[in-house]
Amino acid sequence: MPKPTKGPRLGGGPAHERLLLANLAAALFTHKSITTTETKAKRLRPLAERLITFGKRGDLHARRRVLSVIGDKEVVHVLFTEIAPLVAEREGGYTRITKIGNRKGDNAPMAVIELVLEPVTKKKAAPAKKAAKADKAPVEEAPAEETVVEEAPAEETVVEEAPEAPEATADEAPAESEEKKSE
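Cut-offs applied
Residues numbered from 1 in each chain as written. Predicted model: local features only at pLDDT ≥ 70, side-chain atom pairs only at ≥ 80, totals over all residues. Heavy atoms only, no water. Axes fitted to C-alpha atoms, helices over the stretch in contact; angles between N-to-C directions. Helix = DSSP H or I, 4+ residues; strand = E, 2+ residues; numbered from the N terminus. Parallel < 35°, antiparallel > 145°, perpendicular 65-115°, else oblique. Left-handed = near helix turned anticlockwise from the far one by under 90°. Contact = heavy atoms within 4.5 Å. Nonpolar A, V, L, I, M, F, W, Y, C, P; charged D, E, K, R; others polar. Core = buried A, V, L, I, M, F, W, Y, C linked by side-chain atoms within 4.5 Å. Buried < 20%, exposed > 50% of the residue type's maximum accessible area, 1.4 Å probe, protein only. Pairing = 2+ DSSP bridges.

**A few points about the packing of helix H2 (residues 38-57) against helix H3 (residues 60-69)**
Axis separation between H2 and H3 bottoms out at 8 Å; the angle between their running directions is 150°. As the angle between them shows, H2 and H3 are arranged roughly antiparallel. The handedness of the crossing between H2 and H3 comes out as left-handed. Contact residues: Leu-47, Leu-51, Phe-54 and Arg-57 in H2; His-61, Ala-62, Arg-65, Val-66 and Val-69 in H3. Of the residues assigned to the contact of H2 with H3, the class counts are six nonpolar, one polar and two charged.

**A look at the nonpolar core**
Phe-29, Leu-44, Leu-51, Ile-70 and Leu-79 are the most contacted members of the largest nonpolar core, which totals 29 residues. Counting residues per element, the ones that place at least two in this core are helix H1 (14-31), H2, H3, helix H4 (73-86) and strand S3 (109-115). Ignoring anything within four residues of it in the chain, the contact list for Ile-70 reads Ala-22, Ala-25, Ala-26, Phe-29, Leu-51, Val-75 and Val-76.

**Description of the sheet that holds strand S1 (residues 33-37)**
Sheets are built from strands paired through backbone hydrogen bonds, the pairs being either parallel or antiparallel. Pairing in this open sheet of three strands is antiparallel, and the strands run S1-S3-S2 from one edge to the other. Both outer strands of the open sheet, S1 and strand S2 (95-102), are each paired with one neighbouring strand and no more. Between one strand axis and the next, the sheet turns by 25° as a mean value, whatever way the strands run. Relative to S3, S1 is paired through five bridges, and the arrangement is antiparallel. Paired with Ile-34 across the two strands is Ile-113, which belongs to S3. H1 contacts S1, S2 and S3 of the sheet and is inclined by roughly 145° relative to S1.

Read these as geometric descriptors, not functional statements.
Dropping the structure here:
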């Protein structure tokens with residue numbers, strides 16, 4: 001059950017708020033995008049997304065539940081026949097709110113709320129790129145370590161280079177075996 005809102009209602013009492021949100025939802029489904037105040041857009045979003053979810057179900061009970069909120073049969077028909085198939089692959093986030101600045105007359109913050117009808121793109125390419133970066137990362141780190149080891153003996157005196165050279169190769173061998181284990 002949705003949590004009742006605290007504080008002042010949109011337009012007065014709770015019945016008027018329900019009617020106002022139902023009319024905004026009907027306009028959104030009819031025109032696919034509407035301009036309203038930010039507060040009304042934020043209050044409309046959960047209602048519109050719930051109604052679209054009913055539209056995706058598509059059965060008679062869902063249609064009657066939407067009709068109980070929106071009394072216009074034509075709008076409900078548009079929701080079930082046009083909008084629901086377009087968002088069938090989408091798992092949520094059917095609406096987008098974009099802030100557009102303040103209204104000229106009373107300086108109220110305005111927003112555009114629109115339906116997101118673009119097809120969903122799969123994100124299978126992103127994990128493949130991460131795996132490729134993971135494979136490249138140890139290869140790039142190994143030469144960086146070798147250059148540091150080679151520079152350190154060059155800065156010291158000639159007498160100290162001979163004892164450190166075997167230690168450097170001993171340090172590199174475990175690092176290489178650790179890299180092989182991580183792959």
